[in-house]
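# Overview (structure and organization)
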Amino acid sequence: MSESHKELDLLRQKFVGQRVGPYYAWNKVSRTQVWQWCAAMGETNPNYLQKSDAVAPPTMLQSWTFRDVHGNYAPDSTDKNTYEVLGELDSLGYVGSVAVSYDQSYHRYLKEGDHVHSFSTIKDISDLKSTGLGEGCFVTEFAEYFDHDDQLCGDATITYLKYKPQQSSKTNRSETAPLKKVGRISPVENHDSKHFWQGLRDGKLLIQECSECQTKRHPPQPMCETCQSLEWQTIESNCFGTIYSYTAIHYPEIPPFDYPNVIVLVDLDEGVRIAAQLEGTQPEKIEIGDRVQAHIKEVQDGLALPIFKVTAK
Ligand code: ZN
């Protein structure tokens, strides 16, 4: 048996089957927390938000007994650390960590006033595996969530891969293939916006204009905000405008952009505002109100964009 296999075997003997807890929730289930979670997730189900007997979204399960930002559990929780096994794997060189699966089962809905606590069991530490990330093992944790009457409300099975990262990918790359050229992320072209992107490919900056009230609008949208008409046509911008605001991104440098990457908000002469890249002027020289002109440039295959340059102060 190799040294690595022996080390994992020892960890298995020490941790597998050990059930630790309880870990208490900091607060009882409350409508405020449910509302905040739903607002953050974009959840609008009335069963969570409006009904007098509203329940908490089941997928909030794990959140009730989270540690705080300093790593502390709520009062009366055990001081045993569920993740001690992951720390030991770190010290053996398995410093890479990826959560590879997370399955939850729900036994009953949680509702306002429930006070949750959880227990955690390390179910398995796998044999040594060769993975694309490096050599490592899978650690499976099983967490159970109970209410204040010790009724099981839900459980979760979480699998982590702990691995020894392979040699720096930089070294590997220089010895093998050159870096693949990174392109821009293509914009979403749908029924409502295709005209705009196609217009740019044809060398035109197109602005939508309401057929009923002639209000111009950008970015593309199906309905006029002024008169709610769905009828529209386009006009071609002369590509001149004035800088309304700008930002310069210096860091982190992400391909394929040049840095500093200057993004401007331009009030086009036709009366709409557009966000785009500005070239040819260092950020410290830019002033709000500078006149600019857009040139339409094919930045990669099938993608053309308006790129602005300062024309006059
Ligand atoms: Zn209109």
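Each value, and the rule that gives it
Residues numbered from 1 in each chain as written. Predicted model: local features only at pLDDT ≥ 70, side-chain atom pairs only at ≥ 80, totals over all residues. Heavy atoms only, no water. Core = buried A, V, L, I, M, F, W, Y, C linked by side-chain atoms within 4.5 Å. Buried < 20%, exposed > 50% of the residue type's maximum accessible area, 1.4 Å probe, protein only. Helix = DSSP H or I, 4+ residues; strand = E, 2+ residues; numbered from the N terminus. Contact = heavy atoms within 4.5 Å. Pairing = 2+ DSSP bridges. Polar contact = N/O pair within 3.5 Å; in protein donor to acceptor, adjacent residues only side chain to side chain.

## Things to note about the nonpolar core
- Grouped together as the largest cluster of nonpolar side chains are 31 residues, with contacts concentrated most on Trp64, Val85, Leu89 and Leu110.
- The set of elements that each furnish at least two residues to this core consists of helix 1 (3-15), helix 2 (31-41), helix 4 (84-91), strand 3 (117-125), strand 5 (134-146) and strand 6 (152-165).
- Apart from residues no more than four positions distant in its own chain, Leu110 is found in contact with Val29, Val55, Ala56, Leu61, Trp64, Val116 and Cys153.

## Brief notes about the sheet that holds strand 8 (residues 216-217)
- Strand order in the open sheet formed by three strands is 8-7-9, with antiparallel pairing between adjacent strands. Looking at strand neighbours, the two that pair on one side only are strand 8 and strand 9 (232-236), the edges of this open sheet.

## So, the environment of Tyr106
- Assignment of secondary structure puts Tyr106 in strand 2 (residues 96-106).
- Among the residues examined, Tyr106 registers a relative accessible area of 38% and is labelled partly exposed.
- In this structure, the C-alpha to C-alpha distance between Tyr106 and Ile243, residues 137 residues apart in sequence, is 54 Å.
- Only 2.5 Å separates the side chain of Tyr106 from the side chain of Gln104, close enough to count as a polar contact.

## Notes on the pairing of strand 5
- Taking burial as the measure, the 13 residues of strand 5 include eleven buried ones, the bulk of the element.
- For strand 3 and strand 5, the ladder comprises eight bridges, and the chain directions are antiparallel. Bridge assignment links Thr121 to a residue of strand 5, and that residue is Phe142.
- When strand 4 (residues 129-130) meets strand 5, the two strands line up antiparallel, connected through two bridges. Within strand 5, the position partnered with Lys129 by the bridge is Gly136.
- Once strand 4 ends, the chain turns through three residues before running back antiparallel as strand 5.
- Sheet analysis places strand 5 next to strand 6, joined by 13 bridges and oriented antiparallel. For Glu135, the partnering residue across the bridge sits in strand 6 and is Lys164.
- Hairpin connection, strand 5 to strand 6: the antiparallel pair is bridged by five residues, and Asp150 has positive phi, about 60°.

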